[in-house]
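Descriptive analysis of the structure
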Amino acid sequence: QVQLVESGGGLVQAGGSLRLSCAASGRTGSNYAMGWFRQAPGKEREFVVAIRWSGTYYADSVKGRFTISRDNAKNTVYLQMNSLKPGDTAVYYCAAGATGDVTTARRYDYWGQGTQVTVSS
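This report concerns the structure included in the present document. (Residues numbered from 1 in each chain as written. Predicted model: local features only at pLDDT ≥ 70, side-chain atom pairs only at ≥ 80, totals over all residues. Heavy atoms only, no water.)

**With respect to the state of the cysteines**
Note the cut-off: For this text, the term disulfide refers to a pair of cysteine sulfurs within 2.5 Å. Note on conventions: DSSP H or I runs of at least 4 residues are helices, E runs of at least 2 residues are strands, and numbering of each starts at the N terminus. Three labels apply to residues, based on accessible area from a 1.4 Å probe with only protein chains included: buried if under 20% of the type maximum, exposed if over 50%, partly exposed otherwise in between.
A complete count under the given rule lists one disulfide for this structure. Note on cysteine connectivity: Cys22 is disulfide-linked to Cys94, with sulfurs 2.0 Å apart. Taking the sign of the S-S torsion, about -80° here, the bridge from Cys22 to Cys94 comes out left-handed. Of this pair, Cys22 sits in strand E3 (residues 18–26) while Cys94 is found in strand E9 (residues 90–96), placing the two residues 72 residues apart along the sequence. The pair formed by Cys22 and Cys94 is uniform in burial state, with each residue classed as buried.

**So, the sheet that holds strand E1 (residues 2–7)**
Our working rule: Pairing between strands requires that DSSP locate at least two bridges from one strand to the other. Axes here refer to lines fitted to C-alpha atoms; in helices the fit is confined to the stretch in contact. Angles between the N-to-C directions go from 0 to 180 degrees.
With antiparallel pairing, the four strands of this open sheet are ordered in space as E1-E3-E8-E7. The sheet terminates laterally at E1 and strand E7 (66–71), the two strands that pair on one side only. If you compare each strand with its neighbour and ignore which way they point, the axes differ by 15° on average.

**Some thoughts on unusual backbone geometry**
Residue Asn75 is not a glycine yet carries a positive backbone phi of 50°. Its location among the elements puts Asn75 in the loop between E7 and strand E8 (76–81). A relative accessible area of 31% means that Asn75 is categorised as partly exposed. Unlike most non-glycine residues, Ser83 shows phi in positive territory, near 50°. For Ser83, the position within the fold is in the loop between E8 and E9. Among the residues examined, Ser83 registers a relative accessible area of 41% and is labelled partly exposed.

**Thoughts on the environment of Thr89**
Quick note on the threshold: Contacts are assigned to residue pairs that have any heavy atoms within 4.5 Å of one another. N or O atoms closer than or at 3.5 Å make up a polar contact, with two conditions inside protein: a donor-capable atom paired with an acceptor-capable one, and, for residues adjacent in sequence, both atoms drawn from side chains.
Checked against the element boundaries, Thr89 lands in the loop between E8 and E9. Taking the C-alpha atoms as reference points, Thr89 and Gly10, 79 residues apart in sequence, are found 9.9 Å from one another. Filtering out sequence-adjacent residues up to four positions away, Thr89 remains in contact with Ala40, Gln116, Val117, Thr118 and Val119. A polar side-chain atom of Thr89 sits 3.0 Å from the main-chain carbonyl oxygen of Pro86. Among the polar contacts made by the side chain of Thr89, one reaches the main-chain amide nitrogen of Val119 at a distance of 2.9 Å.

**Details of the pattern of salt bridges**
Threshold: For this analysis, a salt bridge means a side-chain nitrogen from Lys or Arg found within 4 Å of a carboxyl oxygen belonging to Asp or Glu.
Enumeration according to the criterion identifies four salt bridges in this entry. A salt bridge links Arg38 to Glu46; the shortest N-O distance between them is 2.6 Å. The exposure class assigned to Arg38 is buried, which follows from its relative accessible area of 5%. In this structure Glu46 comes out as partly exposed when scored by relative accessible area, which is 36%. The salt bridge involving Lys63 is made with Asp60; its shortest N-O contact spans 3.2 Å. With respect to burial, Lys63 and Asp60 carry one shared label: exposed.

Encoded structure:
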């Protein structure tokens, strides 16, 4: 089993920055694919970014603004979000354990509880 705990969400003005963290415990390793998804009210959960041994993957909507990184010693993945827009407002979920297409939510085995990000205009 793997447990994921997100932190770092909050309220920020448009153009501001936030850094989300996802601490993993349990049977994890540097080979685990880790990803971030988000879900806005009334919308489906959508892919944001992922990282695994083969590289990093970004949704077009966040390229150049968001950066994913991981600290294997701490079993933690980070999502640095810059130049935030009101459209980025959502609950952000950390996910782990994907096989195959890391941009697809159903490929992931484990999920965190989510952290709210609100960007005001």
